[in-house]
Amino acid sequence: MRVSIAGIGSYVPEKILTNFDLEKIVETSDEWITTRSGIKERHIAADNQATSDLSLIAAQRALKSACLKPKDIGAIIVATATPDMLFPSTACLVQTRIGAPRVIAFDVSAGCTGFLYGLAIAESFVNNGYDNILVIGADILSKITDYTDRTTCVLFGDGAGAALIKKSDGEDGILSSYFTADGSSWNLLWQPGGGSRIPATHESVEKRLHYVKMQGNEVFKVAVRAMSEAAVKTLEKAKIPASEVALLIPHQANIRIIEASAKRLNIPMEKVLVNIDRHGNTSAASIPIALDQAIQEGRVHKGDLILMIAFGAGFTWGGVLFRY
Ligand code: UT7
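Residues numbered from 1 in each chain as written. Predicted model: local features only at pLDDT ≥ 70, side-chain atom pairs only at ≥ 80, totals over all residues. Heavy atoms only, no water.

Participant: Please clarify how the pattern of salt bridges should be interpreted in this entry.
Facilitator: Close approach of charged atoms lets side chains of opposite charge pair. Scanning the model with the defined rule gives seven salt bridges in all. Notably, a salt bridge pairs Lys167 with Asp131, separated by 3.9 Å at the nearest N-O pair. Taken together, the residues Lys167 in strand 7 (residues 158-167) and Asp131 in the loop between helix 5 (114-127) and strand 6 (133-140) connect sequence positions 36 residues apart. Between Lys207 and Glu203 there is a salt bridge, with the nearest N and O atoms lying 3.0 Å from each other. Residue classification places Lys207 among the exposed positions, given a relative accessible area of 51%. Residue classification places Glu203 among the partly exposed residues on the basis of a relative accessible area of 48%. (Salt bridge = Lys/Arg side-chain N within 4 Å of Asp/Glu carboxyl O. Helix = DSSP H or I, 4+ residues; strand = E, 2+ residues; numbered from the N terminus. Buried < 20%, exposed > 50% of the residue type's maximum accessible area, 1.4 Å probe, protein only.)

Participant: How should the packing of helix 8 (residues 216-238) against helix 9 (residues 255-265) be read in this particular structure?
Facilitator: Think of two packed helices as two axes; the pair is described by the angle between the axes and how far apart they sit. Where helix 8 contacts helix 9, the two axes come as close as 9 Å, and the packing angle between them is 40 degrees. Classified by the interaxial angle, the pair formed by helix 8 and helix 9 is oblique. As helix 8 runs across helix 9, the sense of the crossing is right-handed. For the pair helix 8 and helix 9, the contacting residues are Phe220, Ala223, Val224, Arg225, Met227, Ser228, Ala231 and Val232 in the first and Arg256, Ile257, Ala260, Ser261, Arg264 and Leu265 in the second. (Axes fitted to C-alpha atoms, helices over the stretch in contact; angles between N-to-C directions. Parallel < 35°, antiparallel > 145°, perpendicular 65-115°, else oblique. Left-handed = near helix turned anticlockwise from the far one by under 90°. Contact = heavy atoms within 4.5 Å.)

Participant: It is not clear to me how the nonpolar core should be interpreted in this structure. Could you clarify?
Facilitator: Proteins that are soluble and globular tend to have nonpolar side chains buried together. The biggest cluster of nonpolar side chains holds 45 residues, and the ones touching the most others in it are Leu248, Leu307, Phe311 and Phe315. For this core, the element with the most residues is helix 8, which contributes nine residues. Taken domain by domain, this core gets at least three of its residues from each of domain 1 (3-168) and domain 2 (174-323). The residues contacting Phe311, other than those within four sequence positions of it, are Cys112, Thr113, Val219, Val222, Ala223, Ala226, Met227, His251, Thr316 and Trp317. By size, the runner-up hydrophobic cluster in this structure holds 33 residues, among which are Val3, Leu273, Ala294 and Ala310. (Core = buried A, V, L, I, M, F, W, Y, C linked by side-chain atoms within 4.5 Å. Domains from an automatic or database assignment.)

Participant: Is there a simple way to think about the sheet that holds strand 7 in this case?
Facilitator: Sheet strands associate in pairs through backbone hydrogen bonding, adopting either a parallel or an antiparallel arrangement. Read from one edge to the other, the open sheet built from five strands follows the order 1-7-6-4-5, with strand pairing classed as mixed. Each edge of the open sheet is held by one strand with a lone partner, namely strand 1 (3-11) and strand 5 (104-108). Taken over all neighbouring pairs, the strand axes of this sheet differ in orientation by 20 degrees on average, direction set aside. In this structure, strand 4 (residues 75-79) lies alongside strand 5, joined through five bridges in parallel fashion. Along strand 5, the bridge assignment pairs Ile76 with Ala105. Across the sheet, helix 3 (residues 51-65) is in contact with strand 1, strand 4, strand 6 and strand 7; its angle to strand 1 comes to roughly 130 degrees. Each of strand 1, strand 4, strand 5, strand 6 and strand 7 touches helix 5; the most contacted strand, strand 6, lies at about 165 degrees to it. (Pairing = 2+ DSSP bridges.)

Participant: In this structure, what is going on with the packing of helix 3 against helix 4 (residues 90-98)? I would like to understand it.
Facilitator: For the pair helix 3 and helix 4, interaxial distance at closest approach is 10 Å and the crossing angle is 55 degrees. Taken together, the axes of helix 3 and helix 4 lie oblique to each other. Pair helix 3 / helix 4 crosses with right-handed handedness. Only Thr90, Leu93, Val94, Arg97 and Ile98 of helix 4 make contact with helix 3, whose side of the interface consists of Thr51, Ser52, Asp53, Ser55, Leu56, Ala59, Gln60 and Leu63. Counted by class, the contact of helix 3 with helix 4 contains six nonpolar, five polar and two charged residues. (Nonpolar A, V, L, I, M, F, W, Y, C, P; charged D, E, K, R; others polar.)

Below, the structure is given as structure tokens:
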């Protein structure tokens, strides 16, 4: 059964943190951040905003765009690395707040690839008789970012994106997807503290173990290969050449990763959605925010082939090809 994206919505917090603001916090420069990452500014959540708050607004916007009501939702999946709390899931918090009682609700932990993993799970739910699956990618990385560490704090932004997945009654829908993971590099991008390995103690806080740690240049090398692999395998499964892709929506981690991936696929940059300059790396929210933007700006048309590819902590990576 073909499964399509019936609606999409996103939300980013109001507060903007520019590279010039960061110059006042750590030893960095607008020039370094722009040339090394492509980021100029990012949105940062307010102190009283948690991931379910951002998710709720994005979800309500997605419902509106799909012309659906909360009672129509069949399941809620939230992909996040920064849940409101370790448990219960952020999806359960969204479920009660949006008003969709007694539907399946759970979180997915797959780093920046989480939204795409969520889409694949939603697709199998639809194939098993559920419909109108709400898939949310949302993260507030600013709350686990060490603003004394210039190697990470310049990269991340906050946001949420949501999509409604349903049975397709036309030619539109997901054509193929590809997913994988390589856990052997788990400690190149991670948050050491706060789980059962290193529970919160005074010592763990003093050692700053509750913040994101990343070996940026190591991650970079794998990311380029993995994003390209995700694209090639996803296209191969659908037997569609890259030249037929109308829009490539890559996870927004670094403009150099995006450009290198597009080049390997021979896809010109005019066909690539780039918004990293305004959002930074919003982790699981990055792809649905970009997709929402592409639709709002009229960059996708009925019948277009859209390829989404992502790479993130785990490592996890994958791609989803769909016809709009
Ligand atoms: O979301 C999914 C996973 N994440 C990613 O895919 C991110 C992948 N990694 C990257 O995007 C890049 O590696 C970064 C943007 C994080 C870093 O760029 P890089 O070109 O790999 O730089 P680097 O880490 O090799 O550092 C180069 C230099 C170092 O100085 P030395 O040792 O050459 O003297 C760093 O200390 O740049 C220095 N540096 C900075 N300088 C100014 C690192 N961060 C900064 C900074 N401002 N913010």
